[in-house]
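Here are the chains, one letter per residue:
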Amino acid sequence: MEFTRPHEECGVFGVYNHPEASNLTYLGLYALQHRGQESCGIVSSDGTTLHAHKRMGLVADVFGNQEIFKKLPGRSAIGHVRYSTAGASVEKNVQPIMVDYSRGSIAVAHNGNLVNAQLLKAELEAYGSIFQTTMDTEIIIHLLAISHTNSLVDRIVDALNRIKGAYCLLFLTESRMIAVRDPNGFRPLCLGKLGDAWVVASESCALDLIEAEFVREIEPGEMIICTKDGGLKSLFPFKKVEPTPCIFEFVYFARPDSYIFGKNVYLARKELGRQLAREHGVDADIVIPVPDSGVPAAMGYAEEAGISFEMGLIRNHYVGRTFIEPAQAIRHFGVKIKLNPVREILKGKRVVVIDDSIVRGTTSRKIVKMVRNAGAKEVHMRISSPPTSYPCYYGIDTPNRKELISSSHTIDEICRYITADSLGYLSEEGLVNSVGMENTGFCKACFAGTYPVAFPRPDLKPQMGLFGEEYNEHE
């Protein structure tokens, strides 16, 4: 994957009715760190009061001191890891959001993005609402607070009936935890059990870490209510629509060991590689992945093509997000610090390089040149997804359309730009067939430009869910 890649903006995790709730939530967030690396937080409940600890930074850094967990008591907790799409990357935007209102205290953690956030924010401000953050998530809190219904569940339903877009939500009060997945089911959310405790997580890999039993996926449009007696209530309070889970979760975002949308991610990615070999086979000596995301697809490609799989590029896993590049000291330093070619493997070989996508093309160009400079005789780039030509408005941080190379260039033009001997993308049909889920209408907006949830106004598309000048499409 290109280092100018899109980013999943967050992951959520919650535990209800366990004496080590905050510690387990910490471990769950650790397993979900790939879904967001800018900030993280945990809110716990001791039955009468909510307690919070939130900071900018990675999970291990923010919760590195064991003393912190003494300040997060109770048998229930929710947590969040974030990469900002809606709202700036600043301390005030760290989730979960926790507020006091007329009915008590409530915290919320949100994975997704609302497409009508700006209109709702303007309406709420006109009636006197004051916003403390620049996140679309805070809109949900305001809508819940002004609802005229009585019970908390009714207030949440009332609020969510007004929003449009993608959301997996965890709510925590003094006595309850509630999980909700939007009717389209854009993002994954699963339910687990650990003894008498209920666990909710963005991906099943987080359940594995704490040795919780995977019960099932939370359905699109489903609300799960954890009750005081240890039971569970399931409601479907929203208008039913045809689910459109994000197919790019299989291509890149989800961890390979996770089970999402009814399928193991690793096996799906291997099949993407096999189908890619069927569609774009080429005479070559070795197949190498762009690590780490390209590894399963490269293995599948090599198996199908009968070509040797090699780790021709080695990734440095210890490069932080804040690495400072020496100005002009070494050209393309940013890629070189992350990837290094193995010359003994590449020299004199016809090489197939497997990656999961091309965004702007700049990193792919550097990788091709790196492989060629290491002695490769030919370099053939293969991509295990269709061309990414449109931005995502449902919770993925992608560049705007003019920065996506495939939106304005043909495949031949992209091939020449990245200096490869050939370039092949997996077809949209091949992608869907490889995932192998019958009767599922995936969201493929980033490939096809067809958006499952209608926009309230076409002129708001470039600023979905974002508040004025705080909006930052990550360069």
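This one's a predicted model, so the numbers in the text were calculated from it and none came from an experiment.

Rules used throughout
Residues numbered from 1 in each chain as written. Predicted model: local features only at pLDDT ≥ 70, side-chain atom pairs only at ≥ 80, totals over all residues. Heavy atoms only, no water. Salt bridge = Lys/Arg side-chain N within 4 Å of Asp/Glu carboxyl O. Helix = DSSP H or I, 4+ residues; strand = E, 2+ residues; numbered from the N terminus. Buried < 20%, exposed > 50% of the residue type's maximum accessible area, 1.4 Å probe, protein only. 1 Å grid on protein atoms, 1.4 Å probe; cavity = no way out; pocket = protein on both sides within 12 Å on 5 of 7 lines; lining within 4 Å. Points joined across faces, edges and corners; volume = space filled by probe spheres on them. Nonpolar A, V, L, I, M, F, W, Y, C, P; charged D, E, K, R; others polar. Core = buried A, V, L, I, M, F, W, Y, C linked by side-chain atoms within 4.5 Å. Contact = heavy atoms within 4.5 Å.

Comments concerning the pattern of salt bridges
Across all of its chains, the model carries 17 salt bridges by this definition. Arginine 162 is the partner of glutamate 123 in a salt bridge, and the nearest nitrogen-oxygen pair spans 2.7 Å. Highlighted residues: glutamate 123 in helix H3 (residues 117-126) and arginine 162 in the loop between helix H5 (152-160) and strand S8 (165-172), separated in sequence by 39 residues. In this structure glutamate 123 comes out as partly exposed when scored by relative accessible area, which is 32%. Of the residues examined, arginine 162 reaches a relative accessible area of 33% and is grouped as partly exposed. Among the salt bridges present, the one from arginine 350 reaches aspartate 285, with a minimum N-O distance of 3.0 Å. Of this pair, arginine 350 sits in strand S21 (residues 350-355) while aspartate 285 is found in the loop between helix H8 (265-279) and strand S17 (286-289), placing the two residues 65 residues apart along the sequence. For aspartate 285, a relative accessible area of 27% gives the class partly exposed. When salt bridges that share partners are traced, they join Lys270, Glu271, Arg274, Arg278, Glu303 and Glu304 into one network.

Structural notes on the layout of surface pockets
Any space left empty among the atoms is revealed by the rolling of a water-sized probe across them. What the second largest pocket holds in volume is close to 380 Å³. Lining the second largest pocket are 23 residues, with Arg181, Pro183, Glu219, Pro220 and Pro243 positioned closest to its centre. Split into classes, the residues belonging to the lining of the second largest pocket amount to ten nonpolar, seven polar and six charged.

As for the nonpolar core
Counting residues in each nonpolar core, the largest one holds 42 residues, and the members touching the most others are Phe248, Phe250, Val287, Tyr301, Ile354, Tyr394 and Leu431. Of all the secondary structure elements, the ones that give two or more residues to this core are helix H7 (248-253), H8, helix H9 (295-305), S21, helix H14 (428-435) and helix H15 (445-448). Apart from the residues within four sequence positions on either side, valine 287 is in contact with Ala298, Tyr301, Ala302, Ile307, Ser308, Phe309, Glu310, Val352 and Ile354. Membership of the second largest hydrophobic core comes to 30 residues, among which are Ile97, Val153, Ala159 and Ile178.

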